[in-house]
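This is what each chain is made of:
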Amino acid sequence: MTLTIEKFEPVLREKTTVQRMYINGKWVTSVSNKTREILNPANNEVIAVVTEGVEEEANAAVKAAKDAFYKNGWKTVYARIRADLLLKVASKLAERKEEFAMLETLNNGKVYEDSLADVEDAIHQFQYYAGLATKPHGQTYEVPDEIRAMVVREPIGVVAQIVPWNYPLVMAAQKMSAALAAGCTVVIKPASQTPLTLIRLFEILDEVGFPEGVVNLVLGSGSVIGDRLVNHPDVDKISFTGGTSTGKQIMKDAADTIKKVGLELGGKSPNIVFADADFETAVDYALLAIFAGQGQVCSAGSRLLLEKSIYDKFVPKLVARAKKIKIGPGWQDGTEMGPLISQAHMKSVLDYVKIGVEEGAELLCGGNRITDGELAKGNFVEPTIFTNTKPDMRIVQEEIFGPVLVIQVFETEEEALELANGTDFGLAAAVFTNDGAKAQRVIRGLQAGITWINAYHPTFNEAPWSGYKQSGIGADLGTYGFEEYLLTKQVNIALHVQPSGWYKG
Ligand code: NAD
């Protein structure tokens, strides 16, 4: 279809009514009586107003989820019923695919095709976990002592899920579908900037008929409502995706109640290009690695590690193509890169550009906000590339989370690995080479949970998404992501009912 803003605007019915939370099967407004304006990052216009939740609503949502799990029997609902509900969500979401994708683009800024791919992923996640709902089989063991032993799998209980703004729908869908399939009840909190697609997903959850309290949506800031969820004694598990510093705080806070914690955190991922790589492919993926999603992708290839002998050929081509990237609103045909999420985040990215220059790195292109024409209203930043970097520079070590690439140069395989592993993060990494054995050696040496050979970014719902080092704990997606919501319980059955004989008196 040809994209125009007129096609997108009708999905914005939130403009006229305050959007609410969903707690214990009902739509509710916060007792705070406060609201939050939601902005379109492409022009900073208000596109919706949502109620601003506080502690009271976090508490109410946890109570509802606790009652639904422990008192009202969601824990023991036949898995096929849970699977059916998840499949219904998938098919209703599929019917409204374009509407959700348009709303995501208006709220997050991402290019429409990206939003559409996200909604398709979300649909598939509900289908995939519906399939797994009936699969957590236990095991039996033949053991001595006239005992028959077995291990059964049980859902963890009340799960609080906290998601970031860069994949608002898809992160929520992957966490919720896995937890619900496992038999947990859920309280979910979107990032305060991007609640709109998740609110609409709850319309679907409501329609398909999840029992009261099984799914709950709270809206508000991380420091108030997120913090309450993390500290709440009745939350059995926290599943968090977001920044590493927030993850560290959550892990400390969760210690008081020994909550299970799943953390999917930040990255500073290396994309290693050897001289023997296919040149055009490597240049192309170097661009996609960092500029897809405006660089606001946890797994972005934000460090390009280039073998010295191809530097002079590679870099001019890379810079020339970066300058040609078509920047615009996500709803416009042909847009290849959209705006950053907010003015505050744009400032943080531009501050990193200044830091890079002050540290002595060489700015090859970009580094500026776009201030021409219509784009001046939005949070648009040029594709930016730095070279002449040193490993200890902040722009090399810290996650910028924007369209900023830093180049590092190496001469040997060993040096490439040392540079690649030389940050606190360990989320993703790629290697480009036509030498199969070398590719395998490098992959083996990389400290990263998601890796590619001769590609960057493609991943799939069936595989675990997890970070090494400070990029996280545990996994989302795949069977591993499902296991995160299950406990194991030993059941030991005596084959003869008789006293132990231990006490002689
Ligand atoms: P963030 O950490 O600022 O916020 C994430 C979520 O946590 C939001 O919902 C926020 O409201 C909430 N939050 C903030 N403080 C909290 C607290 N003290 N207690 C509880 N909740 C709190 O991250 P962000 O800016 O929304 O997202 C960007 C970050 O997310 C980047 O670092 C990115 O790499 C990371 N990320 C990681 C993955 C992954 O799978 N590893 C995926 C997407 C994003």
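Use the structure listed above.
Reading the values: the criteria
Residues numbered from 1 in each chain as written. Predicted model: local features only at pLDDT ≥ 70, side-chain atom pairs only at ≥ 80, totals over all residues. Heavy atoms only, no water. Helix = DSSP H or I, 4+ residues; strand = E, 2+ residues; numbered from the N terminus. Rg over C-alpha atoms; globule rule 2.2 N^0.38 Å. Buried < 20%, exposed > 50% of the residue type's maximum accessible area, 1.4 Å probe, protein only. Contact = heavy atoms within 4.5 Å. Areas by Shrake-Rupley, 256 points an atom, 1.4 Å probe, with all protein chains shown as cover. Lys, Arg positive; Asp, Glu negative; His and termini not counted. Charge placed at Lys NZ, Arg CZ, Asp CG, Glu CD. Expected span 1.5 Å × (residues − 1). Arc of directions from axis to C-beta. Core = buried A, V, L, I, M, F, W, Y, C linked by side-chain atoms within 4.5 Å. Near = heavy atom within 4 Å. Polar contact = N/O pair within 3.5 Å; in protein donor to acceptor, adjacent residues only side chain to side chain. Nonpolar A, V, L, I, M, F, W, Y, C, P; charged D, E, K, R; others polar. Phe/Tyr/Trp six-rings, centres within 6.5 Å; stacked < 30°, edge-to-face > 60°. Lys NZ or Arg CZ within 6 Å of the ring centre and 35° of its normal.

Caption draft 1: The arrangement of the overall build of the chain in detail. Check the secondary structure of the chain and you find 16 helices and 20 strands. Against the compact-globule benchmark of 23 Å for 505 residues, the chain has a radius of gyration of 24 Å, which places it among compact chains. Over its C-alpha atoms, taken along the principal directions, the chain stretches across nearly 85 × 60 × 40 Å. A total of 505 residues make up the chain; the buried ones form 56% of that total. Taking all contacts inside the chain whose residues are at least 6 apart in sequence as the whole, residues at least 24 apart take part in 74%. A total accessible area of about 21300 Å² is found for the chain, and carbon and sulfur atoms account for 52% of it. Counting 51 positive and 63 negative side-chain charges, the chain places the averaged centre of each group 4 Å from the other.

Caption draft 2: Up close: helix H10 (residues 279–291). With 13 residues, H10 ought to run about 18 Å at 1.5 Å a step, and its terminal C-alpha atoms sit 18 Å apart, in line with that. Taken as a whole, H10 has its buried residues at Phe279, Ala282, Val283, Ala286, Leu287, Ala289, Ile290 and Phe291. The buried residues of H10 occupy an angular sector of 165° when the element is viewed end-on, so they sit on one face. Gly293 sits one or two residues past H10 and shows a positive phi near 60°.

Caption draft 3: Here's a closer look at the nonpolar core. If you look at the biggest cluster of nonpolar residues, it comprises 132 residues, and the most contacted ones within it are Phe210, Phe314 and Leu318. For this core, the element with the highest residue contribution is helix H6 (residues 168–182), accounting for eleven residues. Filtering out sequence-adjacent residues up to four positions away, Phe210 remains in contact with Trp74, Leu85, Leu86, Val89, Leu180, Leu205 and Val215. Residues Leu350, Ile355, Ile395 and Ile400 belong to the second largest nonpolar core, which totals 16 residues.

Caption draft 4: Inspection of unusual backbone geometry at higher detail. The phi dihedral of Glu146 is positive, around 55°, even though this residue is not glycine. When you line up the elements, Glu146 lands in the loop between strand S5 (139–143) and strand S6 (147–155). Assessed through its relative accessible area of 46%, Glu146 is described here as partly exposed. Phi is positive for Ile258, which is not a glycine, with a value near 45°. Of note, Ile258 is situated in the loop between helix H9 (244–255) and strand S11 (260–264). What makes Ile258 exposed here is its relative accessible area of 67%.

Caption draft 5: Here's a closer look at the site of the ligand. Val163, Thr246, Leu265, Glu399 and Trp465 are the nearest of the 27 residues found near the ligand. With respect to the ligand, the side chain of Lys189 contributes an N or O atom lying 2.8 Å from an oxygen atom. One of the side-chain nitrogen or oxygen atoms of Thr246 is found 2.6 Å away from an oxygen atom of the ligand. In the complex, 87% of the free accessible area of the ligand, which totals 840 Å², lies under the protein chains. Contributing elements (two or more residues each) for the shell around the ligand: helix H8 (222–231), strand S10 (237–241) and H9. Here the element with the most residues in the shell around the ligand is H8; it accounts for four residues. Taken together, the residues that form the shell around the ligand break down as 15 nonpolar, eight polar and four charged.

Caption draft 6: Seen up close, the packing of aromatic side chains. One pass over the full model with this rule turns up twelve aromatic pairs. Their ring planes at 70° and their centres at 5.4 Å tell us that Phe8 and Tyr112 sit as a pair that is edge-to-face. A residue pair is termed long-range when its members are at least 10 positions apart, and Phe8 in helix H1 (residues 5–8) and Tyr112 in helix H5 (residues 112–132) qualify at 104 residues. Residues Phe8 and Tyr112 agree in their burial class; the two are buried. Look at Trp165 and Phe401: their rings are 5.4 Å apart centre to centre, the planes differ by 70°, and that puts the pair in the edge-to-face class. With Trp165 in the loop between strand S7 (158–162) and H6 and Phe401 in the loop between helix H13 (394–397) and strand S16 (404–410), this pair connects stretches of sequence that are 236 residues apart. Assessed through its relative accessible area of 14%, Trp165 is described here as buried. Of the aromatic side chains, those joined through ring pairs into one cluster are Tyr22, Trp27 and Phe202. The cationic tip of Lys237 hangs over the ring face of Tyr485; the distance from NZ or CZ to the ring centre is 5.5 Å. Over the ring of Phe279 we find Lys313; its NZ or CZ atom is 4.1 Å from the centre of that ring.

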